[in-house]
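# Observations on the model geometry
The primary structure of each chain is shown beneath.
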Amino acid sequence: DGGITQSPKYLFRKEGQNVTLSCEQNLNHDAMYWYRQDPGQGLRLIYYSQIVNDFQKGDIAEGYSVSREKKESFPLTVTSAQKNPTAFYLCASSAGTGETQYFGPGTRLLVL
Amino acid sequence: AQSVSQHNHHVILSEAASLELGCNYSYGGTVNLFWYVQYPGQHLQLLLKYFSGDPLVKGIKGFEAEFIKSKFSFNLRKPSVQWSDTAEYFCAVNAPGNEKLTFGTGTRLTIIP
């Protein structure tokens, strides 16, 4: 089945720790995105990538980093510099610029 | 910069009632418009989208939306809701050729059996 997978479903982070969220797609999409969802705030764009080995900051990139070494993979690292990391993180992909974005099931990150 | 407003934060309806959820955007140029739905425990799914053409678009599960350019609006409608429509609904907009999709804050819809 084609789609977007995110792992893990739940992730716990200790203070000062970096954690990496996985996002894989087998839709052969060029573009991939990371969003953060907080209650009452909708989705906010963290980073996006239009093509392999290239990515751009979104609206709330501080405290996050990404890589795009393969077309199908776009991992997000939440660094210790992110002071409020507790949120629901959604990965998405699209065939190209301005095309419809399709979403994965999300990862819920909790800080211990 | 583009922005999206969803003024209804939480809507509660009885089954068989008619639904209209508001969505207004601010952007001066041509836009693509989307409604996404997030059912409890499920991932965000596309309900419908408008790129061009007929401003009345039909989506899955009996939903439709009308693009009114003069009002910068893209309201979502359903003539008769079901309990299974309980979910959170998000309106989103981007400009053609622009990667950035801007979301509204969402409307939580609760349907009472």
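Anything mentioned here points back to the structure above.
The following paragraphs examine the structure supplied in this document.

### Things to note about the packing of aromatic side chains
Working definition: an aromatic ring pair is given by the centre-to-centre distance plus the angle between the planes. Under the definition given, this model contains 16 aromatic pairs over all chains. For the ring pair tyrosine 35 of chain A and phenylalanine 103 of chain B, a centre distance of 5.5 Å and an interplane angle of 85° mean the geometry is edge-to-face. Here phenylalanine 103 of chain B lies in strand S11 (residues 102-103) and tyrosine 35 of chain A lies in strand S4 (residues 31-38), a pairing that spans two chains. On the accessibility criterion, tyrosine 35 of chain A (0% relative accessible area) is buried. Through pairs of rings, three or more aromatic residues link up here, namely Tyr33, Tyr35, Tyr48 and Phe103 of chain A together with Phe34, Tyr36, Phe51, Phe90 and Phe103 of chain B. Across the ring face of phenylalanine 51 of chain B, the terminal group of lysine 49 of chain B is positioned such that the distance to the ring centre comes to 5.3 Å.

### Describing the sheet that holds strand S7 (residues 64-66) of chain A
Residue and element names in this part refer to chain A. With respect to topology, 4 strands assemble into an open sheet ordered S1-S3-S8-S7, the strand pairing being antiparallel. Each edge of the sheet is formed by a strand with only one pairing partner; in this case those strands are strand S1 (4-7) and S7. Geometrically, the sheet is characterised by an average inter-axis angle of 20° between neighbouring strands, direction not taken into account. Here S1 runs beside strand S3 (residues 19-25); their pairing, made up of 4 bridges, is antiparallel. For threonine 5, the partnering residue across the bridge sits in S3 and is glutamate 24.

Calculation criteria
Residues numbered from 1 in each chain as written. Chains lettered and ligands numbered in written order. Predicted model: local features only at pLDDT ≥ 70, side-chain atom pairs only at ≥ 80, totals over all residues. Heavy atoms only, no water. Phe/Tyr/Trp six-rings, centres within 6.5 Å; stacked < 30°, edge-to-face > 60°. Helix = DSSP H or I, 4+ residues; strand = E, 2+ residues; numbered from the N terminus. Buried < 20%, exposed > 50% of the residue type's maximum accessible area, 1.4 Å probe, protein only. Lys NZ or Arg CZ within 6 Å of the ring centre and 35° of its normal. Pairing = 2+ DSSP bridges. Axes fitted to C-alpha atoms, helices over the stretch in contact; angles between N-to-C directions.

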